[in-house]
Amino acid sequence: MKTGKEKIIPIIAMVVLLIGIFSTIYVDANQIEKDTIKINGRDFTLNQIFSDGVERTIETDEGEKTGVALEYIIINAGVDCTNCHDYTIKAKDGYQQTVNWNILKTGILTDYERVFFPDTAHSFWVRDVIEIEVK
Amino acid sequence: MNNLKFIAGILVFGSLWGFSECIIGSSLSEKGLPTGAIMTGFFAITFLVISRMTYHRPGMQFGMGILAGSLRLFNPFVGCHLCSALAIMAEGAIFELVWYKISFDLKELKPITMQISMGIISAYFVYIGGYIVTQILTPIVSGSGFFVTNLIAFMPNILSSGLIPALIGAVVLPIVLSTRKLDLRLKDKLYYPTTLGISAFCWIFVVGYWFILA
């Protein structure tokens, strides 16, 4: 005769698999494909960002990284009091990280749409950036 | 089993887990494979279950996680030491929670369906639990502050990412449990030299490289 655990554990395992499968379907269906980056509510192409911005090379624990300084991207996007806001950097897969101005101004955006910061954990190096929201 | 033997067990299994995360995990990452999923589904589950089968003591897997995470902090091969170290430390603790109601003689896990089910449950919750903990703690520890909206927005991806480790765990756990029939116990006079020797090798290799590359 089956004990309580022998009944409940396979059911939990099935529920776990269903959660994994449905969330995978949900994530795939909600991937955002776009060729612009929204900054402070306005869409910019990568070409625009690079032609208007200031390129900078920073030193990270994975070596040197070159891109446009986030500091100037935000200023060029028309944010007045840069120090008054937090900034949420969003990726196309839903990943997002929020940083304050003191961190943001040290970072860069590369031509492969990834941000890097010299002194943060890698979890802040958001890939496939689609938006920088000014909060 | 005396406490010294138990601590030596934590040391050797935690060191092996940390070593595999640093060395094997780094090579998998370079090849573009889903490193986290493989490391948790295969290596973490293997070491955690073997240690539970061998030592029959609560707290061991938590200690192993702390030790493996500490070793990961010294890993010179790939970055994000803090994120992975926090995740590994959390994984040990989550494994203890998941297995809390399972007896140490593992008598509930005789049917193969129970073994597969526990493999799925363990690997899934250990993986997504570690992922969630690191998403919360990394911004806090690194001083940037935690924003719950960032975690909520990414939750579907985290829940989805546990699927591969769960499937790996479903295969790995029955295989690991089948080794119960093998008698791998060491004689007392060989136990301490072997456990300490293996642990020392793991730490010297990883930390030594860290000093060389620093």
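Scope of this entry: the structure provided in the associated data block. Just so you know, the residues in each chain are numbered from 1, in the order the chain's sequence is written. In the order they appear in the text, chains get letters beginning with A and ligands get numbers beginning with 1. The predicted nature of this model means local features are confined to residues of pLDDT at least 70 and side-chain atom pairs, given and counted, to a pLDDT of 80 or more, with totals for whole chains, interfaces and linings taken over all residues.

### What to know about helix H2 (residues 35-55) of chain B
Residue and element names in this part refer to chain B.
Right, so step 1: Working definition: helices are DSSP H or I runs of at least four residues, strands are E runs of at least two. Numbering for both runs from the N terminus. Expected helix span is given by 1.5 Å per residue-to-residue step, counting one fewer step than there are residues. For H2, built from 21 residues, the straight-helix expectation of 30 Å at 1.5 Å per residue is met to within 8% by its first-to-last C-alpha distance of 28 Å.
Right, so step 2: At Ala44, H2 is bent by approximately 30°, the largest bend along its length.
Right, so step 3: At the exit of H2 stands His56, carrying a positive phi of roughly 50°. Here the bend at each residue means the angle between axes fitted to two seven-residue stretches, the one ending at that residue and the one beginning there.

### Some words on the sheet that holds strand S4 (residues 63-69) of chain A
As a general point, the strands of a sheet are linked pairwise by backbone hydrogen bonds and lie either parallel or antiparallel.
Residues and elements named next belong to chain A.
Right, so step 1: Read from one edge to the other, the open sheet built from 4 strands follows the order S3-S4-S7-S8, with strand pairing classed as antiparallel. Strand pairing shows two members of the sheet lacking a second neighbour, strand S3 (55-60) and strand S8 (115-116), which therefore form its edges.
Right, so step 2: Two strands form a pair only when DSSP identifies at least two bridges running between them. In this structure, S4 lies alongside strand S7 (residues 108-109), joined through 2 bridges in antiparallel fashion. Note on S7: the bridge partner recorded for Ala69 is Ile108.

### A short note on the sheet that holds strand S1 (residues 36-39) of chain A
Residues and elements named next belong to chain A.
Right, so step 1: Taken in spatial order, the 5 strands line up as S2-S1-S9-S5-S6 in an open sheet, and their pairing is mixed. Both outer strands of the open sheet, strand S2 (42-45) and strand S6 (96-100), are each paired with one neighbouring strand and no more. Shown here is a sheet whose adjacent strand axes are inclined to one another by a mean of 20°, direction ignored.
Right, so step 2: Inspection of the sheet shows strand S5 (residues 86-91) paired to strand S9 (residues 129-134) by 5 bridges, in the antiparallel sense. Residue Ile89 lies in a different strand from S9, and its bridge partner there is Ile132. The convention used is that axes are lines fitted to C-alpha atoms, helices contributing only their stretch in contact, and that angles between N-to-C directions extend from 0 to 180 degrees.

### Describing the interface of chain B and chain A
Right, so step 1: Contact residues are listed per partner, giving 27 residues for chain B and 30 residues for chain A.
Right, so step 2: Among the secondary structure elements, those contributing two or more residues to the side of chain B that touches chain A are helix H4 (81-98), helix H5 (112-141), helix H6 (148-161) and helix H7 (163-178) of chain B.
Right, so step 3: For this classification, the nonpolar set comprises Ala, Val, Leu, Ile, Met, Phe, Trp, Tyr, Cys and Pro, the charged set comprises Asp, Glu, Lys and Arg, and every other residue, Gly included, is treated as polar. In terms of residue class, the side of chain B that touches chain A is built from 16 nonpolar, 10 polar and 1 charged. Here, residue contact means that the backbone-derived C-beta atoms of the two residues sit within 7 Å.

### Section: the nonpolar core
Across soluble globular proteins, you tend to see nonpolar side chains buried next to one another.
Right, so step 1: Think of a nonpolar core as buried Ala, Val, Leu, Ile, Met, Phe, Trp, Tyr and Cys residues, each tied to the set through C-beta atoms within 7 Å. In this scheme every C-beta is placed from the backbone, and a residue whose C-beta has 20 or more other C-beta atoms within 10 Å is buried, one with 12 or fewer is exposed, and one in between is partly exposed. One finds Val115 of chain A together with Met64, Ile121 and Tyr124 of chain B to be the most contacted residues of the largest nonpolar core, which totals 85 residues.
Right, so step 2: The start and end points of each domain follow an automatic or database-based domain assignment. Among the domains, domain 1 (1-30) and domain 2 (36-134) of chain A are the pair contributing at least three residues each to this core.

### Looking at the pairing of S4 of chain A
Side-chain direction in a regular strand flips from residue to residue, so the side chains alternate between the two faces of the sheet.
Residue and element names in this part refer to chain A.
Right, so step 1: Sheet topology note: the S3/S4 ladder contains 6 bridges and is antiparallel. Across the sheet, Ile58 pairs through a bridge with Lys65, a residue of S4.
Right, so step 2: Hairpin connection between S3 and S4: a loop of 2 residues separates the two successive antiparallel strands.

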